[in-house]
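# Coordinate inspection notes
Chain by chain, the residues run as shown.
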Amino acid sequence: MTNSRPWIPYLLILPSVAFLALLFVVPLVQTIWLAVSDNGAPSLANAERMVTDINFTRSVKNTFLLTIAVVPVQIAIALAMGTMVAKVGRGRETILWIWTIPLGISDLAAGLVWLSILQNTGYLNSLLFGLGIIGRQASWLSYQTPVALFLAIAVAEIWRGTAIVMVIIVAGLNQVPKEFKEAAEIFGAGPWTRFWRITLPLVRPALQSALILRTVLAFEVFAVVYALGGRNFPVLVGEAYNWQNQNQNYSVAAAYAVLIMIISLAATLIYLKALKVDPERLP
């Protein structure tokens, strides 16, 4: 039927293409033009103003440090959790449901939860004071304690975002044939050898997807940072928000958005190159 009507497949995907063009391509083109234009003419004035912003260097540094600190830890935890779940028989669905609860919490809500724990009058200070460990309330989220603030944001992001990584990795682990592991056990391979030689190479596609998704989301982190640190811990998305809402300068905000997009695309290309998946080696 499709041989006589070759236009049918194109007609079927037309709604999706129109949807993407309307809600993605058009705003993307408008944002890029807003970032590289000034008074209707091409210009790099917005990029220059962005780079000379007092918080630009700090926001770039904080964003990259947070990504470098959070993503590897989340991947390691997700691999451990996925491996543990793979060995569980009864109750597996319940464990997965409990571990994925953070997925149902919005970024801002997660930030407020950790704010209630870590603020001066929060649960952590109350517990430490009640146990006699501290003599007075400690400040964890102040500009005077940058290390504690960074660790607090990192822990909150790890708690909030590890679940999505685990779901992807568990899906990949389910695709590993049991025959491979059974053959390795017969030939005397230990658990660590089986993990490095069999499991990890075969979950590379899932690992690649998880790394790309989580890294892109880490570069776009905002709500958790805003709830815990506010302006004390500037990040790229936070600066774009401030330029748009406080300074009412949509062009510089667009320049920040384009920079985030470029960084995310570069990270994606690096992952695609470094973790290249060979279809012939897939199970």
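Residues numbered from 1 in each chain as written. Predicted model: local features only at pLDDT ≥ 70, side-chain atom pairs only at ≥ 80, totals over all residues. Heavy atoms only, no water.

### As for the nonpolar core
- Counting 26 residues, the largest nonpolar core has Ile75, Ile169 and Leu211 as its most contacted members.
- Contributions of two or more residues to this core are made by α3 (56-86), α7 (146-173), α9 (191-202) and α10 (204-219).
- No other element matches α10, which puts seven residues into this core. (Core = buried A, V, L, I, M, F, W, Y, C linked by side-chain atoms within 4.5 Å. Buried < 20%, exposed > 50% of the residue type's maximum accessible area, 1.4 Å probe, protein only. Helix = DSSP H or I, 4+ residues; strand = E, 2+ residues; numbered from the N terminus.)

### Comments concerning the pattern of salt bridges
- As enumerated under the stated definition, the model contains four salt bridges in all.
- In this structure, the salt-bridge partner of glutamate 157 is arginine 214, at a minimum N-O distance of 2.7 Å. With a gap of 57 residues between them, glutamate 157 in helix α7 and arginine 214 in helix α10 connect regions that are remote in the sequence. Each member of the pair, glutamate 157 as well as arginine 214, is classed as buried.
- Three or more residues are tied together by salt bridges with common partners; here these are Asp107, Glu157, Arg160 and Arg214. (Salt bridge = Lys/Arg side-chain N within 4 Å of Asp/Glu carboxyl O.)

### Here's the deal with the UniProt feature "transmembrane region" (unreviewed entry) in the chain
- According to UniProt, the feature "transmembrane region" (unreviewed entry) maps to residues 63-84, 96-117, 147-173, 211-229 and 249-272 in the numbering used here.
- A helix fraction of 100% and a strand fraction of 0% characterise residues 63-84, whose end C-alpha atoms lie 31 Å from each other.
- Between the C-alpha atoms that bound residues 147-173 the distance is 36 Å, and the span itself is 100% helix and 0% strand. (UniProt positions renumbered as here; feature names shortened; annotations may be inferred.)

### Details of the environment of glutamate 48
- Along the chain, glutamate 48 falls in helix α2 (residues 45-51).
- Sequence separation between glutamate 48 and alanine 255 is 207 residues; the distance between their C-alpha atoms is 9.4 Å.

### Some remarks on helix α13 (residues 250-274)
- Compared with an ideal rise of 1.5 Å per residue, which puts 25 residues at 36 Å, α13 spans 36 Å between its outermost C-alpha atoms and is within 8% of the ideal.
- Two or three places before serine 251, at the start of α13, stands the capping residue asparagine 249, its side-chain oxygen 3.3 Å from that residue's backbone nitrogen. (Expected span 1.5 Å × (residues − 1). Polar contact = N/O pair within 3.5 Å; in protein donor to acceptor, adjacent residues only side chain to side chain.)

### Examining the environment of alanine 218
- Looking at where alanine 218 falls in the secondary structure, it is placed in helix α10.
- Along the backbone, alanine 218 and serine 264 are 46 residues apart, and their C-alpha atoms lie at a distance of 9.4 Å.

### Some details on the side chain of serine 59
- Of note, serine 59 is situated in helix α3.
- Assessed through its relative accessible area of 0%, serine 59 is described here as buried.
- Those residues in contact with serine 59 that sit more than four places away from it in its chain are Pro234, Val235, Leu236, Glu239 and Tyr256. (Contact = heavy atoms within 4.5 Å.)

### Thoughts on the packing of aromatic side chains
- Counted according to the given criterion, the structure contains seven aromatic pairs.
- A ring pair is formed by phenylalanine 222 and tyrosine 226, whose centres lie 5.3 Å apart and whose planes are at 40°; its orientation type is tilted.
- By relative accessible area, tyrosine 226 is classed as partly exposed at 38%.
- Centroid distance tyrosine 226 to tyrosine 241: 5.8 Å. Interplanar angle 70°. Geometry classified as edge-to-face. Pair noted here: tyrosine 226 is in helix α11 (residues 223-228) and tyrosine 241 is in helix α12 (residues 236-245), with a separation of 15 residues, a long-range link.
- We classify tyrosine 241 as partly exposed; its relative accessible area is 31%.
- Here a set of aromatic residues connected by ring pairs shows up, and it is made of Phe222, Tyr226 and Tyr241. (Phe/Tyr/Trp six-rings, centres within 6.5 Å; stacked < 30°, edge-to-face > 60°.)

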